[in-house]
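Structural characterization, general
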Amino acid sequence: MSVETFDVVVAGGGPGGSTVAALVAMQGHRVLLLEKEVFPRYQIGESLLPSTVHGVCRLLGVTDELAAAKFPVKRGGTFRWGARPEPWTFSFAVSPRMTGPTSFAYQVERARFDEILLNNAKSKGVTVREGCSVTAVVEEGDRVTGLRYTDSDGGEHEVGARFVIDASGNKSRLHASVGGTREYSEFFRSLALFGYFENGKRLPEPYSGNILSVAFDSGWFWYIPLSDTLTSVGVVVRREMAEKIQGDREKAYNALIAECPLIAEYLSDARRVTTGNYGELRVRKDYSYHQTKFWRPGMILVGDAACFVDPVFSSGVHLATYSALLAARSINSVLAGDLDEKTAFDEFEGRYRREYGVFYEFLVSFYQMNVNEESYFWHAKKVTNNEHTEFESFVDLVGGVASGETALAASRLAERSAEFAGAVDQMAGGDDGDMVPLFKSHVVKQVMQEGGQVQMKAVLGEDAAPEEPVFPGGLVSSPDGMKWLPYRG
Ligand code: FAD
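What comes next is a walk through the structure. (Residues numbered from 1 in each chain as written. Predicted model: local features only at pLDDT ≥ 70, side-chain atom pairs only at ≥ 80, totals over all residues. Heavy atoms only, no water.)

**A word on the overall build of the protein**
Stated precisely, the cut-off is as follows: We count a stretch as a helix when DSSP gives it H or I for four or more residues in a row; a strand needs E for two or more, and each element gets its number in order from the N terminus. Burial classes: relative accessible area under 20% of the type maximum marks a residue as buried, over 50% as exposed, and values in between as partly exposed (1.4 Å probe, protein chains only). Note on contacts: a residue pair is in contact if any heavy atoms of the two residues lie within 4.5 Å. For accessible areas, the Shrake-Rupley method is used with a probe of radius 1.4 Å. Any residue's cover is judged against the shown protein chains and nothing else.
A tally of helices and strands in the protein yields 14 helices and 23 strands. In the protein, buried positions account for 60% of the 489 residues. Of the contacts formed within the protein by residues at least 6 apart in sequence, a portion of 71% connects residues at least 24 apart. Total accessible area on the protein stands at roughly 19200 Å², and carbon and sulfur atoms take up 51% of it.

This is the structure we're talking about:
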């Protein structure tokens, strides 16, 4: 059997796979992407973050296409959570009346969003083969040197590459080949049951595109508007309820909705979709985990193949696309002969693990607050001392880093970024006994500041403020964001 060869071969064409494939192909390398399904295909994970939309998607060059797709604009989130009985809202913008050009994300039908990213990969020169299921890695000594896959006609193939990327999601068949083990979280041992409704109610403007998250006795609901009439409605419950849910999904779903008055009221005039791709009631369980290794010579894991954490802050696509960007930088640097593999891939793994760790920490504290009356957002309001609601105060800061596409906005962006860094410092360094532990975390502080860097780079390119390495003696990203450079500070 003759073996085709590429610089890079990617398993999986979700957001992680199509992002890394495109960013490597954009540097002139030969990339093959193998996807099991034929797109468009269904996927859960519909609520995006501004970092994906305005950071990674801008680097990919799909900003206009996303805008043309007319996905509902998500200006923030609305929560009925914790001790407070009434819902509260956060906005990505500094204020709802002052929405900056990048202070929003989208709620996306993943079949459409993922297809845009996959088609973009093709247009950037990636060879994409759909209907091709990867079955195993090929190894030589301690190195991964290729993949085996089966095409839609049952034909078996082998392909060789300098680097293999596993981006085949939570059901990956390859992740174990990287070494280490997949560790499941004891804290987030939960299960989700989800379906779709027509004609559900909408939050009042300007928040009609927000995600609505509602905690209740058995768990919490997400309520995500996907069009004027279509809504994604899912419930996350403790794993002990698995049996009840697996038995009769419809009955369990209806009973859980009835148990949660706010969701029941939003669905009072709605009809559940029962046909087509949205007609099925689906279940996902045990979905918080991480692989103890993210790379080995010749192989990298990105996205859900590497790790995943509870979806309450809609971090999945962000982690997938951000890890894809980190992986692309590492691979581009090695293929260009700028760095050795260990230096480049250690930087990838260190940054990715840290980002995952932050969301994990963030979420644990958020769930603890469900018990503790003290509100995380109340603290954010206290340190920023502005006139907005508590939750807005915090995310306003994050949105501030994301703001500004034009030259004018860009200078405002730098200003706002400094403001943000100052506020994060204040939160982290305060000796207030009431301070949320999250903000004392050095890791959280660093990641929040670095998230700002990614978006600044996407907006400002070479004009972005110089970056500091994240790890002592570590690397920084190149001015165009596509590679790593040694730090020469
Ligand atoms: P995927 O999107 O899973 O893509 C992997 C691709 O690989 C698929 O297209 C698959 O067909 C393909 N593939 C699989 N096996 C093979 C194979 N053997 N060969 C070739 N191809 C293969 N994230 C958010 O950002 N926002 C949310 O609101 C959100 N809500 C969620 C709710 C729930 C209940 C769950 C479980 C997750 C949620 N997520 C959310 C997470 C989100 O679904 C994932 O994090 C995201 O899809 C990961 O992207 P990925 O590219 O790593 O993997």
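**Brief notes about the packing of aromatic side chains**
So the rule is basically this: Side-chain rings of Phe, Tyr and Trp, where Trp is taken by its six-membered ring, are said to pair if the distance between their centres is within 6.5 Å; with planes under 30 degrees apart they count as stacked, over 60 as edge-to-face, and otherwise as tilted.
For the structure on display, the rule yields 21 aromatic pairs. Seen from their ring centres, Trp220 and Trp222 are 6.3 Å apart, and the 55° between their planes marks the pair as tilted. Relative to Tyr352, the ring of Phe348 has its centre 5.7 Å away and its plane inclined at 55°; by these criteria the two rings are tilted. Here Phe348 pairs with Tyr352, and both are found in helix H9 (residues 341–371), just four residues apart, close to one helical turn. Across the pair, exposure class does not vary: Phe348 and Tyr352 are buried alike. Members of the aromatic cluster, joined through ring pairs, are Phe79, Trp81, Trp88, Phe194, Trp220 and Trp222.

**A word on the pattern of salt bridges**
Put simply, the rule reads: A pair is scored as a salt bridge if a Lys or Arg side-chain nitrogen falls within 4 Å of a carboxyl oxygen belonging to Asp or Glu.
Scanning the entire structure with this criterion turns up 16 salt bridges. Here Arg353 and Glu349 are joined by a salt bridge, their closest N and O atoms 2.9 Å apart. Taken together, the residues Arg353 and Glu349, both in helix H9 and four residues apart, mark about one turn of the helix. For Arg353, a relative accessible area of 25% puts it in the partly exposed group. Bridged by salt links that share partners, the residues Arg41, Arg110 and Asp114 form one connected network.

**Considerations on the pairing of strand E1 (residues 4–11)**
Spelled out, the test is: Pairing between strands is defined by DSSP: at least two bridges between them are needed. The crossover handedness rule: strands pointing away from the viewer, path from first strand over the helix to second strand clockwise, crossover right-handed.
Pairing geometry for E1 and strand E10 (residues 156–166), over seven bridges, is parallel. If you follow Phe6 over to E10, its bridge partner there is Ala161. Across four bridges, E1 lies against strand E2 (residues 31–35) in parallel orientation. Each bridged residue has a counterpart across the sheet, and for Ala11 the counterpart in E2 is Leu34. On the question of chirality, the crossover connecting E1 to the parallel E2 by way of helix H1 (residues 15–25) is right-handed.

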